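# Reading the structure
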Amino acid sequence: MSLLVVGLSHRSAPVSVLERASLAADTQAKLLQDTLAAEPATEAAVLATCNRIELYADVDKFHAGVAELSTLLAQHSGVGLDELTPYLYVHYEDRAVHHLFSVACGLDSMVVGEGQILGQIKDALARGQELHTAGRLLNDLFQQALRVGKRAHSETGIDRAGQSLVTFGLQQLAAGADPGLWARGKRALVIGAGSMSSLAAATLARTGVAEIAVANRTRARADRLVEILRQGDDTTVRARAVEMSAVGDELTRADIVVSCTGSTGLVLTADALADALGTTLDAPAETPAVALAPIPAPADVDQHAAWVENGSATSAPQAPAAPAAAPRRVTLPAQSTGPVKLALLDLAMPRDIDGAAHRIDGVRLVDIESLADASADAPMAADVDQVRTIVADEVAAFGAAQRAAHVAPTVVALRTMAADVVAGEIARLDGRLPDLDEKQRAEIAQTVRRVVDKLLHAPTVRVKQLASEPGGAGYADALRELFDLDPKTVAAVSRADLNDPNRGRS
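Heads up: these notes are all about the structure in this document. (Residues numbered from 1 in each chain as written. Predicted model: local features only at pLDDT ≥ 70, side-chain atom pairs only at ≥ 80, totals over all residues. Heavy atoms only, no water.)

### Here's the deal with the overall build of the chain
Of the regular secondary structure elements, the chain holds 18 helices and twelve strands. Classification of the 506 residues of the chain by burial places 47% in the buried group. Relative to all contacts within the chain whose residues are 6 or more apart in sequence, the contacts with residues 24 or more apart total 75%. Carbon and sulfur atoms make up 52% of the accessible area of the chain, which amounts to about 23700 Å² in all. (Helix = DSSP H or I, 4+ residues; strand = E, 2+ residues; numbered from the N terminus. Buried < 20%, exposed > 50% of the residue type's maximum accessible area, 1.4 Å probe, protein only. Contact = heavy atoms within 4.5 Å. Areas by Shrake-Rupley, 256 points an atom, 1.4 Å probe, with all protein chains shown as cover.)

So, in structure tokens, the structure goes:
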């Protein structure tokens, strides 16, 4: 196994960089195809969410793989390599497995414990399967990550450590009030009908809003989301679909707007929002820069081993932990201090809503950047330690299974060779003793097979056990050398296993 992940997230990069580096669906597909075309990679998968962009690959060379994957991320994101490199992190082999399992459990999320990431990991796997870029390693890895994430949520109280990004955003909009009481009876506009927008609409419905209008570029998807909302057993919300061209009119009636589309440009400009409220933009005020505490580093440095060296790998695969981040100097927009007429929640990356909206009287805007700042001080539940233990155990088990799987094709090739030897000797015996009857011939053949099976049983079982231990990868090589196995036969067994249509499907 030579698993490599290169990426950036809300922990390593400012939102402004993440926003520029975001990848549209067609760009992700092109990135996967180009990664496979690159020499060091044989498999690839992309995990792209509103607060992380990660490229996973099975590579045969660490340093060349890091350089190639970093370059590909820069090329497809449109952010120059020199600018992107300081924000990239690298994980290799067991550390890469540990990282993805931690991500799946919500330990690396902006809001610890949120479960939305599981759907995003599932989407990343499905994309790799559809494009045939995810092979045996990445299928096994992502499938196991989904199981580990589900286990963490079912066996611990990690859900209590934080909420989904939507729920957390609504709490920020409520500004200390109970979100249910704050939202009850209000009219909401949801722009977009993807997974995050659907989650937002469902959350708003459960919170108690009176009405939800759904706007989406594809009307059929908006209609489908509305139908789901109407069929909900736990809500009585009035839901309707509207055209994107009607968003301006809907703004004049809405109290809450949640936007999360895949648009590369602004969906709501500050001027459009001001027009809807019948007001104008305030002149930009000079707001002093303030120092924010850095987002806390995870307790386990293996989660975020950082690799930065002028865009080329010169360190060992076990990259050192990044130094403690200095306080960030940011300019906080002054939100309106009067009554809130329109509450805006922007969950898109890149952003859907003009950041200048905070200058409109009566508008409160919460976006990904402000959520990141607010979540930095969120308390950690005691269950987090239990989840970390689960992750550590699962990483060890996954590594053992992969090492054992590495030797399996060699064992199969050895048994195939032994079967060929037996068949050859039986044929030779038939030539020497043609008068043997069928019963005698069958008994001799069975005896020879039993002898061969007994001779091979102990070493093949033992080599699988040894191969599953750390450093056990060399046992497969030793077996091939000792029995002079044809490398092409071993490779053929591996390819047959890799191309099994029933493998890696959930």
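### Details of empty space enclosed by the protein
Applying the stated rule across the entire model yields three cavities of 30 Å³ or more. The calculated volume of the largest cavity comes to roughly 110 Å³. What lines the largest cavity is a set of 13 residues, and nearest its centre among them are Cys 50, Asn 51, Glu 114, Gln 120 and Leu 165. With three residues, helix H6 (residues 116–130) is the single largest residue contributor to the lining of the largest cavity. (1 Å grid on protein atoms, 1.4 Å probe; cavity = no way out; pocket = protein on both sides within 12 Å on 5 of 7 lines; lining within 4 Å. Points joined across faces, edges and corners; volume = space filled by probe spheres on them.)

### A few points about a nonpolar patch on the surface
Taken together, Met 417, Val 421, Leu 482 and Phe 483 make up a surface patch of nonpolar side chains, about 370 Å² in accessible area. Note that Met 417 resides in helix H15 (residues 383–432). (Patch = residues over 30% accessible without salt bridge, like charges linked within 9 Å, V, L, I, M, F, W, Y side chains within 5 Å. Salt bridge = Lys/Arg side-chain N within 4 Å of Asp/Glu carboxyl O.)

### Overview of the environment of Leu 371
Position of Leu 371 among the secondary structure elements: in helix H14 (residues 368–375). As for Leu 371 and Asp 346, which are separated by 25 residues in sequence, their C-alpha atoms are 9.9 Å apart.

### Notes on helix H5 (residues 94–104)
Side chains of residues three or four places apart in an α-helix project in the same direction, reflecting 3.6 residues per turn. For H5, a buried count of ten out of eleven residues is recorded, marking the element as mostly surrounded by other parts of the structure. Within the sequence span of H5, burial applies to Arg 95, Ala 96, Val 97, His 98, His 99, Leu 100, Phe 101, Ser 102, Val 103 and Ala 104. Two residues or fewer after H5 comes Gly 106, characterised by a positive phi angle close to 85°.

### Considering the sheet that holds strand S4 (residues 89–92)
Strands belonging to one sheet form pairs held by backbone hydrogen bonds; the direction of such a pair is parallel or antiparallel. Spatial ordering of the open sheet is given by S2-S3-S1-S4, a layout of four strands whose pairing is antiparallel. One side of each edge strand has no neighbouring strand; the edge strands of this open sheet are strand S2 (41–49) and S4. Each strand axis lies, on average, 15° off the axis of its neighbour in the sheet, ignoring direction. The sheet contact formed by strand S1 (residues 3–9) and S4 spans four bridges and is antiparallel. Bridge pairing links Gly 7 to Tyr 89 in S4. Each of S1, strand S3 (52–59) and S4 is contacted by helix H3 (residues 62–77), which is oriented at about 35° to S1, the strand it contacts most. Helix-sheet contacts for H6 involve S2 and S3, and the interaxial angle to S2 is about 145°. (Pairing = 2+ DSSP bridges. Axes fitted to C-alpha atoms, helices over the stretch in contact; angles between N-to-C directions.)

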